[in-house]
Amino acid sequence: MDFSFSSDQQLLKNSARAFLDEHCKPAAVRLLWDDPRGESDTMWKEMAQLGWLGLSLPERHGGSEPASAKQGVGNLVHDAARMASQQPIDVAALREHVLSHFDTIEMPAAWLAERERTRAVAMIDKLLQWIAANPRGLVDVELAFERELAGEIETGQRVLLGGRVDRLELDDRGRLVVVDLKTGAQAPSAKDVAEHAQLAAYQVAVEAGAFGEGCQAGGAEIVALGTTKDDAAVRGQAALAEAADPSWGLALVHRAASAMAASAFTALVNDGCGYCAVRTSCPVSGKGRQVTDE
Ligand code: SF4
């Protein structure tokens, strides 16, 4: 029996170690020791943002159940991308890490394992190739952020934008560029990426000062590693400031926040429906229905 950690468990272990290194220094522990409650609301909030509180719950109930095989491969590649942020890159150690952790990913069928293993190794090669040719400087990887945005939505509420970027880079004009690594088999089209909401939200976060006051966004990029092509498919989104309407990203985030804050949520068929965790209870599937009074 194999008692070693799976790649997901390893990721969880690494993030727990980094979190505790940062938040559980002796001085902080002494403060909590003297605190009558003995716990910190800030730490609970940050642990919730890391998804730890929902680890044992299924995703359809708001939790974050264990990753599927495809997610497991994706997590392993992201893990390798984090290792590749250390210079010089130890290519042999990186490949060894991927191969040695691959068998801990549960595959739905044995025949899939070899195909996914080959795909994972190819993704690492493409990642290393892309890093070698990337002219921008690396600022950080797997960086969490949270920032209150300017303005209010229709309800009068402010918007708190939070998340985690795969890579934060600096271009030759001193602007920050967010890079999102994708491991799915399809690369999004250049047109889709030009209006990609996730990338736009990252740029809004940069402009709002989530990674330092006064920082400018130099665009954002998707680096798709999981396609059948020999190279990474790189699709860029232009800097918000260069758009005909530089406020389009902020307006998009405000629209999304307004929809989330509303009392009713209209289900619209979209590209994510096929793998949505709650599709069987959603009206678009034909099975879900309203369970409250009009
Ligand atoms: S099935 Fe589609 S519309 Fe319904 S909740 Fe999921 S992603 Fe949204």
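Since the model is a prediction, treat every value here as computed from it, not as a measurement.

Quick word on helix α6 (residues 110-133)
- The terminal C-alpha atoms of α6 lie 36 Å apart, and with 24 residues this matches the ideal 34 Å at 1.5 Å per residue to within 8%.
- All buried positions along α6 are accounted for by Ala-120, Met-123, Ile-124, Lys-126 and Leu-127.
- The inward-facing, buried residues of α6 contact α4 (69-83) and α5 (91-102).

Side note on the sheet that holds strand β4 (residues 217-224)
- A sheet is described by the order of its strands in space; here five strands give the open sequence β1-β2-β3-β4-β5, paired in mixed fashion. Edge strands, defined here as strands with exactly one partner in the open sheet, are β1 (137-148) and β5 (233-237). Taken pair by pair, the neighbouring strands of this sheet meet at an average axis angle of 35°, ignoring direction.
- Where strand β2 (residues 160-170) and strand β3 (residues 176-182) come together, four bridges link them in antiparallel fashion. The residue bridging Arg-167 from the neighbouring strand is Val-179, located in β3.
- Strands β1, β2 and β3 of the sheet are contacted by α4, whose axis makes an angle of about 115° with β1.

Brief notes about the packing of α4 against α6
- Axis separation between α4 and α6 bottoms out at 10 Å; the angle between their running directions is 30°. In this view, α4 runs roughly parallel relative to α6, as classed from their interaxial angle. For the element pair α4 and α6, the recorded crossing hand is right-handed. Residues Ala-69, Val-73, Leu-76, Val-77, Ala-80 and Ala-81 of α4 form the contact with α6, whose own contacting residues are Leu-112, Glu-116, Arg-119, Ala-120, Met-123, Ile-124 and Leu-127.

Focus: the pairing of β2
- Across 10 bridges, β1 lies against β2 in antiparallel orientation. The residue of β2 that forms the bridge with Val-141 is Arg-167.
- Here β2 hands over to β3 after five residues, with Gly-174 in that stretch at a positive phi of 75°.

Here's the deal with the nonpolar core
- If you look at the biggest cluster of nonpolar residues, it comprises 47 residues, and the most contacted ones within it are Val-77 and Val-178.
- Among the elements of the structure, α4, α6, β2, β3, α8 (197-207), β4 and α9 (248-261) are those that each provide at least two residues to this core.
- Among the elements that line this core, the one with the most residues is α8, at seven residues.
- A domain-level breakdown of this core finds at least three residues from each of domain 2 (71-133) and domain 3 (136-258).
- Those residues in contact with Val-178 that lie beyond four places of it in its chain are Val-165, Leu-168, Leu-199, Tyr-202, Gln-203, Val-206 and Ala-220.

Looking at the site of the ligand
- In the vicinity of the ligand, the contacting residues are Ala-267, Leu-268, Asn-270, Gly-272, Cys-273, Cys-276, Val-278, Arg-279, Cys-282 and Val-284.
- Of the residues belonging to the shell around the ligand, the class tally is seven nonpolar, two polar and one charged.

Structural notes on the packing of α4 against α5
- Running from N to C, α4 and α5 point in directions that differ by 155°, and their axes come no closer than 10 Å. What the angle tells us is that α4 and α5 run roughly antiparallel. Between α4 and α5 the crossing geometry is right-handed. Contacts between α4 and α5 pair Leu-76, Ala-80 and Met-83 from the former with Leu-94, His-97, Val-98, His-101 and Phe-102 from the latter.
- When grouped by side-chain class, the residues that make up the contact of α4 with α5 number six nonpolar, two polar and no charged.

Side note on the confidence of the model for the protein chain
- Mean pLDDT for the protein chain: 86, with 91% of residues reaching 70 or above.
- Between the elements of the protein chain, mean pLDDT differs from a low of 76, seen in helix α1 (residues 7-23), to a high of 98, seen in β4.

Regarding α9
- With 14 residues, α9 should cover 20 Å at 1.5 Å per step; its first-to-last C-alpha distance of 20 Å lies within 8% of that length.
- What α9 keeps buried is the set Gly-249, Leu-250, Val-253 and Ala-257. Along the long axis of α9, the arc covered by the buried residues comes to 95°, so they all point the same way.
- As for α9, its buried residues are in contact with β2 and α8.

Regarding unusual backbone geometry
- For the bond from Gln-87 to Pro-88, the omega torsion is -10°, close enough to zero to count as cis.
- Within the fold, Pro-88 resides in the loop between α4 and α5.
- Unusually for a residue other than glycine, Glu-142 sits at a positive phi of about 45°.
- With respect to the element layout, Glu-142 can be found in strand β1.
- Residue classification places Glu-142 among the partly exposed residues on the basis of 18 C-beta atoms within 10 Å.

The rules behind each value
- Residues numbered from 1 in each chain as written.
- Predicted model: local features only at pLDDT ≥ 70, side-chain atom pairs only at ≥ 80, totals over all residues.
- Helix = DSSP H or I, 4+ residues; strand = E, 2+ residues; numbered from the N terminus.
- Expected span 1.5 Å × (residues − 1).
- Buried ≥ 20, exposed ≤ 12 C-beta atoms within 10 Å, placed from the backbone.
- Contact = placed C-beta atoms within 7 Å.
- Pairing = 2+ DSSP bridges.
- Axes fitted to C-alpha atoms, helices over the stretch in contact; angles between N-to-C directions.
- Parallel < 35°, antiparallel > 145°, perpendicular 65-115°, else oblique.
- Left-handed = near helix turned anticlockwise from the far one by under 90°.
- Core = buried A, V, L, I, M, F, W, Y, C linked by C-beta atoms within 7 Å.
- Domains from an automatic or database assignment.
- Near = placed C-beta within 6 Å.
- Nonpolar A, V, L, I, M, F, W, Y, C, P; charged D, E, K, R; others polar.
- pLDDT = per-residue confidence, 0-100.
- Arc of directions from axis to C-beta.

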